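The lines below spell out each chain.
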Amino acid sequence: MSNKLSRRDALKVIGLSPVAASVLLSSSATTQLEASEDVKGKIVIAGGGSGAIMALSRLQRAIKNPDITIIAPNEIHIYQPGQVFVAAGEMEVEDLYLDNHDYIDTNKVNWIKDEVNKFDPQNNSVTTRSGEEVLYDYLIIATGIQSNYEEIEGLKKEDIGTNGISSVYLNDLEHGRAEGATITWDWFNDLKTAAKTKKPKVLYTQPSSPIKCGGAPQKMLYLSADYLKEAGLSAEYTFATGLKSLFHLPKIDKELHKTQERYDKIENKFQHHLRSIDVKNKKATFIHAYEEEVYDEDFEIYEKVSRADEVVIDYDFIHITPPMSPVDPLKNSDLLDNMGWLEVDQYSLQHKRYKNIFGIGDVCGIPMGKTGGSARHHGPVLVENLLSLMKNETLKAKFDGYTVCPLKTQYGKIIMAEFNYKGPAPTFPLDFEKPRWIWWAFDLYMLKPMYKYLMLTGRF
Ligand SMILES: Cc1cc2nc3c(=O)[nH]c(=O)nc-3n(C[C@H](O)[C@H](O)[C@H](O)COP(=O)(O)OP(=O)(O)OC[C@H]3O[C@@H](n4cnc5c(N)ncnc54)[C@H](O)[C@@H]3O)c2cc1C
């Protein structure tokens, strides 16, 4: 296995923190705790990204001679948080590629390199795209999220990278490509060139549906604005979001409004959901959904009325965050809740109706953010509860809703927004809403080695 810390990565980390480096180096030692659980049953994992690999590694560390099949099409595993850094010119796209062979040992695990095409929970079975039926005793669903660019009328995926359109989210997890990252870095530079002759109109969108890494649309806004600012340039920025505020936690919301004052002029348009786009004429049409108080003369009272106006915005450059959902085979299954996500209990991560099924990662229908940070906290809860189920014991482990959003407010500064079901949950006793350089250094230099050597191997 080559998931041991390289000299290059170790030097980066040592440069940042000798303490952190020693933790990493000791954790990447080859010694492994002996698996002690003697439980029986065939476990199938669907997915080959953060959640799936974290679950696999933890199960292998816990169970003696486990019977595990992983159904994952991808040999390359994208370190998706790094897509933002590539888009901002701070990492190379090659830095994002991890090799799933380093985590899936085919001498011990059955790896079916395919996708699940059909989930049949009544019969404890999944069927792959090539038609192979796989039975299970226990199923872990870790199929992540799919980006639905085609839901935006007039937009084709191929338009991204043309006509002033970018999207940091664009990636192909099956084939291990992160085109959106490099396209967005080119877009930053096209924007800079355009700003030398006139102030371009730049539009950033965020849908009203849940998305992975909910902070990324604003990260692209602030980083691109800072990129121009550093060069003494500026633009007319519009942030059009389907949400009602910049952030749901008031302290962070306030700090983000303060951040916006750093830049020339940012206009926020809340509750604006991108419906269609005229690629050639550079016009974006939004549905502005809101409530208005109107006076009812008959009953002599004010009442709230829902409105949905069409709003057209012209732009020179647009950064699009697509609507997102679970993958199609899940949408065609009986496994989703009425909001359209995997119907798991928000504490135990067990499916509410099919008790031998668990979820991990973005697919879960729970109220908190869809981030790799959450998946890393799902891992131990899921494994403990699955083992309890296998032993016919009560499920005791509870996920507290932890998620993290490293909001890049400028080059060199991040607000590390950590929160859970109860509210703010900062790991360190610092004013958590303040942008800090230390979080930038942590996110850029330390997080990927931690992800690669500790999280994916189930050591942390
Ligand atoms: C631009 C961007 C920035 C981000 N920034 C951050 C950040 O700063 N911090 C953070 O914590 N998180 C961040 N994230 C989010 C983080 O990457 C995800 O939350 C995390 O990867 C979720 O893990 P997952 O296992 O649920 O899904 P993924 O890691 O996306 O993996 C899904 C896997 O399922 C596979 N799959 C899909 N369909 C099927 C099928 N039918 N059968 C079998 N396999 C299937 C895919 O090929 C893939 O391997 C960011 C994401 C993006 C895109």
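This text follows the structure it describes.
Parameters at a glance
Residues numbered from 1 in each chain as written. Predicted model: local features only at pLDDT ≥ 70, side-chain atom pairs only at ≥ 80, totals over all residues. Heavy atoms only, no water. Helix = DSSP H or I, 4+ residues; strand = E, 2+ residues; numbered from the N terminus. Rg over C-alpha atoms; globule rule 2.2 N^0.38 Å. Buried < 20%, exposed > 50% of the residue type's maximum accessible area, 1.4 Å probe, protein only. Contact = heavy atoms within 4.5 Å. Areas by Shrake-Rupley, 256 points an atom, 1.4 Å probe, with all protein chains shown as cover. Lys, Arg positive; Asp, Glu negative; His and termini not counted. Charge placed at Lys NZ, Arg CZ, Asp CG, Glu CD. Near = heavy atom within 4 Å. Polar contact = N/O pair within 3.5 Å; in protein donor to acceptor, adjacent residues only side chain to side chain. Axes fitted to C-alpha atoms, helices over the stretch in contact; angles between N-to-C directions. Left-handed = near helix turned anticlockwise from the far one by under 90°. Pairing = 2+ DSSP bridges. Core = buried A, V, L, I, M, F, W, Y, C linked by side-chain atoms within 4.5 Å. Phe/Tyr/Trp six-rings, centres within 6.5 Å; stacked < 30°, edge-to-face > 60°. Lys NZ or Arg CZ within 6 Å of the ring centre and 35° of its normal. Parallel < 35°, antiparallel > 145°, perpendicular 65-115°, else oblique. Nonpolar A, V, L, I, M, F, W, Y, C, P; charged D, E, K, R; others polar. Salt bridge = Lys/Arg side-chain N within 4 Å of Asp/Glu carboxyl O.

Asks: Sorry if this is basic, but what is going on with the overall build of the protein here?
Replies: Broken down by element type, the protein carries ten helices and 23 strands. Its C-alpha atoms give the protein a radius of gyration of 23 Å, within 12% of the compact-globule value 23 Å for 460 residues. Seen along its three principal axes, the alpha-carbon backbone of the protein occupies a region of about 65 × 65 × 45 Å. Considering the protein as a whole, with its 460 residues, one finds that 55% of them fall into the buried category. Put simply, 65% of the contacts in the protein that link residues at least 6 apart link residues at least 24 apart. For the protein, the accessible area works out to roughly 20700 Å², and carbon and sulfur atoms hold 49% of it. Across the protein, the centroid of the 54 positively charged side chains sits 6 Å from that of the 63 negatively charged ones.

Asks: Help me out: how do you make sense of the site of the ligand in this one?
Replies: Neighbouring the ligand are 31 residues; G51, Q80, V116, D362 and G373 lie closest to it. In this structure, G48 approaches the ligand through a main-chain N or O atom, which is 3.2 Å from an oxygen atom. A distance of 2.9 Å is found between an oxygen atom of the ligand and a side-chain nitrogen or oxygen belonging to Q80. Protein chains shield 97% of the accessible area of the ligand, which is 1000 Å² for the free molecule. Of all the elements in the fold, those that place two or more residues in the shell around the ligand are α3 (50-62), α4 (82-87) and α9 (372-390).

Asks: What is the right way to read the packing of α3 against α9 from this model?
Replies: Between two packed helices, the angle of one axis relative to the other and the distance separating the axes together describe the packing. The geometry of α3 relative to α9 is characterised by a closest axis approach of 9 Å and an angle of 35° between their N-to-C directions. For the pair α3 and α9, the sense of crossing is right-handed. Note on element contacts: α9 touches α3 through G372, A375, R376, G379, P380, V383, L386 and L387, opposite G51, M54, A55, R58, L59 and A62.

Asks: Help me out: how do you make sense of the side chain of N171 in this one?
Replies: Position of N171 relative to the elements: it lies in the loop between β11 (165-166) and α5 (179-195). With relative accessibility at 17%, the residue N171 sits in the buried group. Filtering out sequence-adjacent residues up to four positions away, N171 remains in contact with Q80, Q83, R177, A178 and E179.

Asks: Mind showing me how you'd approach the sheet that holds strand β23 (residues 423-424) here?
Replies: Either a parallel or an antiparallel arrangement is found when strands of a sheet pair, and the pairing is made through backbone hydrogen bonds. The antiparallel open sheet is built from three strands, whose spatial order is β21-β22-β23. Single-partner strands in this sheet number two, and they are β21 (403-410) and β23. In this structure, β21 lies alongside strand β22 (residues 413-420), joined through seven bridges in antiparallel fashion. When the bridges of β22 are listed, L407 appears paired with I415.

Asks: Hey, could you run me through the nonpolar core in this one?
Replies: Soluble, globular proteins show a tendency: their nonpolar side chains are buried together. Residues I43, I70 and Y237 are the most contacted members of the largest nonpolar core, which totals 140 residues. In terms of residue count, helix α10 (residues 437-455) provides more of this core than any other element does, nine residues in total. With residues near it in sequence (within four places) discarded, Y237 still touches V202, Y204, L221, A225, L228, Y263, K265, I266 and E267.

Asks: Can you walk me through the packing of aromatic side chains in this structure?
Replies: Given two aromatic rings, one states the distance between the centres and the angle between the planes to describe the pair. The tally for this structure, following the rule as stated, stands at 18 aromatic pairs. Aromatic side chains Y222 and Y263 sit 6.2 Å apart centroid to centroid with 10° between the ring planes, which places their arrangement in the stacked category. Within this pair, whereas Y222 is found in helix α6 (residues 216-230), its partner Y263 is found in the loop between α7 (250-260) and β14 (265-269), the two being separated by 41 residues in sequence. Judged by relative accessible area, Y263 falls into the buried class, the value being 3%. Taken together, F85, W185, W187, F188, Y204, Y227, Y237, F317, Y411 and W440 form an aromatic cluster joined through their ring pairs. Over the face of the ring belonging to W111 we find K113, whose NZ or CZ atom lies 4.5 Å from the ring centre.

Asks: It is not clear to me how the environment of G379 should be interpreted in this structure. Could you clarify?
Replies: Among the structural elements, G379 can be located in helix α9. For G379, a relative accessible area of 0% puts it in the buried group. Non-local contacts of G379, meaning those with residues more than four positions away in its chain, are made with R58 and I360.

Asks: How should the packing of α5 against α6 be read in this particular structure?
Replies: One can describe the packing of α5 onto α6 by two numbers: an axis separation of 10 Å at closest approach and a directional angle of 45°. When the interaxial angle is binned, α5 and α6 end up oblique. Crossing angle aside, the handedness with which α5 passes α6 is right-handed. Contacts between α5 and α6 involve T184, W185, W187, F188, N189, L191, K192 and A195 from the former and M220, L223, S224, Y227 and L228 from the latter. When its residues are assigned to classes, the contact of α5 with α6 shows nine nonpolar, three polar and one charged.

Asks: I keep staring at the pairing of strand β6 (residues 116-120) and nothing clicks. Help me out?
Replies: One face of the sheet, then the other: side chains in a regular strand alternate in exactly this way. In this structure, β6 lies alongside strand β7 (residues 125-128), joined through four bridges in antiparallel fashion. By the bridge assignment, K118 is partnered in β7 with T127.

Asks: Sorry if this is basic, but what is going on with the sheet that holds β7 here?
Replies: Strand order in the open sheet made by the three strands is β6-β7-β8, with antiparallel pairing throughout. Strands at the two margins of the open sheet, each flanked by one partner only, are β6 and β8 (133-135). For this sheet, the mean inter-axis angle between neighbouring strands, taken without regard to orientation, is 25°. Pairing geometry for β7 and β8, over three bridges, is antiparallel.

Asks: Sorry if this is basic, but what is going on with unusual backbone geometry here?
Replies: For residues besides glycine, phi is generally negative; the peptide bonds are generally trans as well. Positioned with a positive phi, C213 is a non-glycine residue whose angle comes to about 45°. Along the chain, C213 falls in the loop between β12 (201-206) and α6.

Asks: How should I be thinking about the pattern of salt bridges in this particular structure?
Replies: If the charged atoms of two oppositely charged side chains come close together, the side chains can form a pair. Inspection of the entire model under this criterion finds 21 salt bridges. With its nearest N and O atoms 3.5 Å apart, the salt bridge here joins R129 to E115. One end of the pair, R129, is in the loop between β7 and β8; the other, E115, is in the loop between β5 (110-112) and β6, and 14 residues separate them in sequence. Residue classification places R129 among the partly exposed residues on the basis of a relative accessible area of 44%. Each of D114, E115, R129 and E174 takes part in a single network of salt bridges with overlapping partners.

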